Amino acid sequence: MKFGGTSVGKPERMYQVADLITRDNESKIVVLSALSGTTNALVGIGDALAKNSKEDAKTQIDKLEAHYHSFIAELVKTPAALAKAKAIVGEHFEFLNIITKISFNEALNKDILAQGELLSTKLFSTYLEEKGIDHYLLPALDFMSIDANDEPQLSAIKTKLSQLLKNHSDKKMFITQGYICRNSKGEVDNLKRGGSDYTASLIAAAIKATVCEIWTDIDGMHNNDPRIVKKTVAIEQLSFDEAAELAYFGAKILHPTCIWPAQHENVPVKLLNTMQPDAAGTVIRDEAGSEGVKAIAAKDGIIAIKIKSSRMLLAYGFLRKIFEVFEKYRTPIDMITTSEVAVSVTIDTDVNLAAIVKELEPFGTIEVDKNQTIVSIVGNKIGSSADVLSKLFDTLKPVPVSMVSYGGSPHNISLLVADQYKIQTLQLLNSGLFGLE
């Protein structure tokens, strides 16, 4: 069971989580994120230290510490629990204050970012202790690891975690940290943003759990973005492949990396709502459950790169050379379309854009379009459904679509539009494909 930042962000939310994890007697591992707002605050502290703005960092540390002191004052009631909670907060903020006095580096920054999950789990454990709820606090840094390419080491995680669970076989409930891990050098590191979902999925795969539950503040995956479109509905069931497409192409409720480990060991994933625990939510498993269009997702911040070259005509190895440029700069491609004289690709980062463009220039004329959005229409077997295509393009007549990716997956049709058309596109599709105004 994984609970995100909003699910543990207030003392009353932690009480809710405690109720949810004790509703049955099944053995479980509970993964917690940092309290909402904490990771952003820690990023701000790291940024200030990187600029050598130590006073600014100190101000931010003091503000965050004050927040935690008011949090624990509400969280626990007995003098013993409050003393323990104060000691936990004191220890972690003493560490942050020490860091302001030494030279800053990237490894230290990773240590700073780890404090949020360490705090949330230790404080939650203190509350459970006060309530007499039997559990064991399982340090993620003892079993969660990534290799030199920042990829999780599933077999090593499985071995270490199995041993730890065996050492505490008298316990039925374990609390652990999401997001944080150790890297190939043994240093504290993390699974990047959204990494708590990844942690939960990796743990579920490692122990072959009966289910991996991701608890957030929305009742499952919706058919469209509820922040943009007025009327949306929760999807009852998705296949792993459909969910992976939606997560990758912008559905914020689920981290894209979360699907692979669960799919690898065929562990169903449930997306559930902490605020409405009895809502059905969404289940993700091997079977799609039904055919047809299920959901739309949008991924912002896309850059389109077009390589035009008359020499490309029937040129052997041309595409391979282009892809090698992106591989060299470790930049994934989202969409690709080709014609006899041009190749268009999209990427979602401008980190190495200038270097990529420079290396592509010998192949032809390069055009770069920033501020683009990929809109993905996802569902079971929609690639072979003629009426979906006709409905799609009839619906989007008012919108200039610059790229279409179709046929690469039986579950996905992706379109590229300029950012300014994103809201209109999502609203039109909600009406045209789902009949929801």
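Structure: see above.
In every chain, residue numbers begin from 1 and rise along the written sequence. Predicted model: local features are reported for residues with pLDDT of at least 70 only, side-chain atom pairs are reported and counted for 80 or more only, and whole-chain, interface and lining totals are derived from all residues. Side-chain figures throughout are based on the complete set of non-hydrogen atoms in the structure, without hydrogens or water.

A. Highlighting the packing of aromatic side chains. Note on aromatic contacts: the rings of Phe and Tyr and the six-membered ring of Trp form a pair at centre separations within 6.5 Å, being stacked when their planes are under 30 degrees apart, edge-to-face when over 60 apart, and tilted otherwise. In the structure shown here, the tally under the stated rule is six aromatic pairs. Residues Tyr136 and Phe174 carry aromatic rings whose centres are separated by 6.3 Å and whose planes lie at 75° to one another, so their mutual orientation is edge-to-face. Placement of the pair is Tyr136 in strand 3 (residues 136–137) and Phe174 in strand 4 (residues 173–177), with a sequence separation of 38 residues. For a ring to carry a charge above it, either NZ of a lysine or CZ of an arginine must fall within 6 Å of the ring centroid while also lying within 35 degrees of the normal to the ring plane. Over the face of the ring belonging to Tyr248 we find Lys299, whose NZ or CZ atom lies 3.8 Å from the ring centre. In DSSP terms, a helix is any run of H or I states spanning at least four residues, a strand is any run of E spanning at least two, and both are numbered starting from the N terminus.

B. Focus on the sheet that holds strand 16 (residues 412–418). When DSSP finds two or more bridges between a pair of strands, those strands are recorded as paired. Sheet architecture is open: six strands sit in the order 12-13-11-14-16-15, paired in antiparallel fashion. Because the sheet does not close on itself, it has two edges, and the strands there are strand 12 (336–338) and strand 15 (403–406). On average, adjacent strands in this sheet sit at an angle of 25° to one another, irrespective of strand direction. Across four bridges, strand 15 lies against strand 16 in antiparallel orientation. Axis definition: a line fit to C-alpha positions, over the contact stretch in the case of helices; interaxial angles, taken between N-to-C directions, run 0 to 180 degrees.

C. Structural context of the nonpolar core. Here, nonpolar core refers to any group of buried Ala, Val, Leu, Ile, Met, Phe, Trp, Tyr and Cys residues whose side-chain atoms link them within 4.5 Å. Note on exposure labels: buried denotes an accessible area under 20% of the residue type's maximum, exposed denotes more than 50%, and partly exposed covers the range between, all computed with a 1.4 Å probe on protein chains only. Residues Phe3, Ile21, Phe124, Phe143, Met221, Leu254 and Ile284 are the most contacted members of the largest nonpolar core, which totals 93 residues. Top element by residues in this core is helix 6 (residues 106–130). It accounts for ten residues. Contacts were defined at the residue level, with two residues in contact if any of their heavy atoms lie within 4.5 Å. When sequence neighbours within four positions are dropped, the list of residues in contact with Leu254 reads Asp197, Ile214, Met221, Ala247, Ile259, Leu271 and Ile284. Core analysis: the second largest hydrophobic core is formed by 17 residues, Val229, Leu396, Ile413 and Leu415 among them.

D. Representation of the layout of surface pockets. A cavity, in this analysis, means grid points on a 1 Å lattice covering only the protein atoms where a 1.4 Å probe fits yet has no way out; a pocket is instead an open set bounded by protein on both sides within 12 Å along at least five of seven lines, and a residue lines either one if it has an atom within 4 Å of a point. Grid points are joined across faces, edges and corners, and a volume is the space filled by probe spheres set on the points. One number sums up the size of the second largest pocket: a volume of about 770 Å³. If you trace the second largest pocket, you find 26 residues lining it, with Glu151, Lys192, His255, Thr257 and Pro332 closest to the centre. Only helix 9 (240–248) and helix 10 (259–264) provide two or more residues apiece to the lining of the second largest pocket. Residue type decides the class: Asp, Glu, Lys and Arg count as charged, Ala, Val, Leu, Ile, Met, Phe, Trp, Tyr, Cys and Pro as nonpolar, and the leftover types, Gly among them, as polar. A class-by-class count of the residues in the lining of the second largest pocket yields twelve nonpolar, seven polar and seven charged.

E. Region of interest: helix 9. Within helix 9 the residues assigned to the buried category are Phe240, Glu242, Ala243, Glu245, Leu246 and Ala247. Gly250 occupies a position one or two residues after helix 9 and carries a positive phi of about 115°.

F. Spatial organisation of the packing of helix 5 (residues 79–99) against helix 6. Packing of helix 5 against helix 6 brings their axes to within 10 Å, and their N-to-C directions diverge by 175°. As judged from the angle between their axes, helix 5 and helix 6 are roughly antiparallel. Residues Ala81, Lys84, Ala85, Ile88, Val89, Glu91, His92, Phe93, Phe95, Leu96 and Ile99 of helix 5 lie in contact with helix 6, whose contacting residues are Leu108, Asp111, Ile112, Gln115, Leu118, Leu119, Lys122, Leu123, Thr126, Glu129 and Glu130. For the contact of helix 5 with helix 6, the class distribution of residues is 13 nonpolar, three polar and six charged. Small angles under 35 degrees read as roughly parallel and large ones over 145 as roughly antiparallel, with 65 to 115 read as roughly perpendicular and the rest as oblique.

G. Spotlight on the sheet that holds strand 9 (residues 269–273). Taken in spatial order, the eight strands of this open sheet run 3-4-2-1-7-9-10-8, and their pairing is mixed. At either margin of the open sheet sits one strand with a lone partner, and together these are strand 3 and strand 8 (237–239). Examined bridge by bridge, strand 2 (residues 28–32) and strand 4 share five bridges and lie parallel to one another. Across the sheet, residue Lys28 finds its bridge partner in strand 4, namely Met173. Relative to the sheet, helix 6 contacts strand 2, strand 3 and strand 4, its axis offset from that of strand 4 by approximately 155°. Along the sheet face, helix 9 touches strand 8, strand 9 and strand 10 (282–285) and points at about 90° away from the line of strand 8.

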